[in-house]
Amino acid sequence: LLKDAAEGTGRIYINDKEITQFPYQTSLTEENSVNLRYTGKQPVYFTAYQRSWNANPGEVSGTFTVRSQFSENGKTTHTLSKGNPVVLKVDVDVKGQTDLVMIEIPIPAGTVVQEKKTVYNEVYREYYKNKVLIYFEKLPKGRFDFTISLLPKFTGTFSLNPARALEMYYPTNFGREQIKQVQIKESAGPMQ
């Protein structure tokens, strides 16, 4: 581009405005469209992206189907008790052989991870306050179950963000469940 500019043959226009200073960066509102025009012989690199917040993400089943549920003493539950350990179980159905996969399991507010462990076929597992990330080099076709031991510490109604699975280098190949609510009540028994 600099050679083209020096020769007077290269020009870049974004929405009919000639760009002369590089690198160039701008932000556009939703109403704007992007019209890019270039004259010249040298290659030009252009990146455009958008950010948005999805307040109510729906379920997506594609390369993966993801489901989560809470289990207390081996039984599925929708209401947790403060101080009573639970297991957050996430089932991932893989539609075909996948490479370099990340499973993201959100941890609901009001709970903390009780036990940190790694399963033999995982490459790595990262524990954060708000989520657990599990990495795989390869994940064959089939169903896989992941469990996270949690301890409910605070009462209230909390959001459980969608668990999701995706191919890290092809993030459009993903699956996620919908957002859920979890209720934590006072325990009838003694705190552990």
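The structure under discussion appears in the preceding block.
Residues numbered from 1 in each chain as written. Predicted model: local features only at pLDDT ≥ 70, side-chain atom pairs only at ≥ 80, totals over all residues. Heavy atoms only, no water.

## Quick notes on the packing of aromatic side chains
For any pair of aromatic rings, geometry is given as the distance between the ring centres together with the angle between the planes. Rule in force here: Classification of ring pairs uses Phe, Tyr and Trp, with its six-membered ring standing for Trp, and accepts pairs whose centres are within 6.5 Å; under 30 degrees between planes counts as stacked, over 60 as edge-to-face, and the remaining range as tilted. Secondary structure elements are taken from DSSP: a helix is a run of H or I of four residues or more, a strand is a run of E of two residues or more, and numbering for both begins at the N terminus. Buried residues are those whose accessible area, probed at 1.4 Å on protein chains only, stays under 20% of the maximum for their type, while exposed residues exceed 50% and partly exposed ones sit between those limits. Only when the NZ of Lys or the CZ of Arg is both within 6 Å of the ring centre and within 35 degrees of the ring normal is a charge said to sit over the ring.
In total, this model carries two aromatic pairs according to the counting rule given. Ring centres of Tyr 124 and Tyr 135 lie 6.4 Å apart, and the angle between their planes is 25°; this geometry places the pair in the stacked category. Taken together, the positions of Tyr 124 in strand β10 (residues 124–127) and Tyr 135 in strand β11 (residues 131–139) put the pair 11 residues apart, joining distant regions of the chain. Since its relative accessible area comes to 47%, Tyr 124 is described here as partly exposed. Residue Tyr 135 is classed as buried on the basis of its relative accessible area of 17%. Stacked on the ring of Tyr 13, the Lys or Arg Arg 37 has its end atom at 4.2 Å from the ring centre. The ring centre of Tyr 128 lies 6.0 Å from the NZ or CZ of Lys 131, which sits over that ring.

## What to know about the side chain of Glu 72
Threshold: In this charge count, Lys and Arg are treated as positive and Asp and Glu as negative; neither His nor the chain ends contribute. When a carboxyl oxygen of Asp or Glu lies within 4 Å of a side-chain nitrogen of Lys or Arg, that pair is called a salt bridge. Here, residues are in contact when the closest pair of their heavy atoms is within 4.5 Å.
Following the sequence through the fold, Glu 72 ends up in strand β4 (residues 64–72). No salt bridge forms around the buried Glu 72; measuring N to O, its nearest opposite-charge neighbour Lys 75 is 10 Å away. When neighbours within four sequence positions are excluded, Glu 72 is seen to be in contact with Thr 77, Thr 79, Ser 81, Asn 84, Pro 85 and Val 86.

## Section: the nonpolar core
What counts is decided by this rule: The criterion is simple. A nonpolar core is a set of buried Ala, Val, Leu, Ile, Met, Phe, Trp, Tyr and Cys residues joined through side-chain atoms within 4.5 Å.
Phe 70, Leu 88, Val 92, Ile 103, Ile 105 and Phe 146 are the most contacted members of the largest nonpolar core, which totals 28 residues. Contributions of two or more residues to this core are made by β4, β7 (86–94), β8 (98–106), β11, β12 (142–152), β13 (156–160) and β16 (180–185). A total of five residues in this core trace back to one element, the largest contributor, which is β7. Apart from residues lying up to four places away in sequence, Ile 105 is in contact with Leu 88, Val 90, Lys 131, Val 132, Ile 134, Phe 146 and Ile 148.

## Digging into the sheet that holds strand β1 (residues 11–14)
In plain terms, the rule: The pairing criterion is simple: DSSP has to find at least two bridges between the two strands. Axis lines are fitted through C-alpha atoms, for helices just across the contact stretch, and the angle between N-to-C directions can take any value from 0 to 180 degrees.
Ordered in space as β2-β1-β3, the three strands form an open sheet in which the pairing is antiparallel. Of all strands in the sheet, those with a lone pairing partner are β2 (17–19) and β3 (36–39), marking the two edges. Neighbour-to-neighbour, the strand axes of this sheet turn through a mean angle of 25°, independent of strand direction. Inspection of the sheet shows β1 paired to β2 by three bridges, in the antiparallel sense. Counted as the bridge partner of Ile 14 is Lys 17 from β2.

## Observations concerning the side chain of Ser 68
Here is the rule: Any pair of N or O atoms that falls within 3.5 Å is considered a polar contact. Within protein, one atom must be able to donate a hydrogen and the other to accept it, and sequence-neighbouring residues count only if both atoms are side-chain atoms.
Checked against the element boundaries, Ser 68 lands in strand β4. Residue Ser 68 is classed as buried on the basis of its relative accessible area of 9%. Of note is the side chain of Ser 68, whose polar atom sits 2.4 Å from the side chain of Glu 177. Discounting chain neighbours no more than four positions away, the residues touching Ser 68 are Leu 88, Lys 89, Val 90, Leu 160, Glu 177 and Lys 180.

The quantities given are spatial measurements derived from coordinates; they are silent on function.
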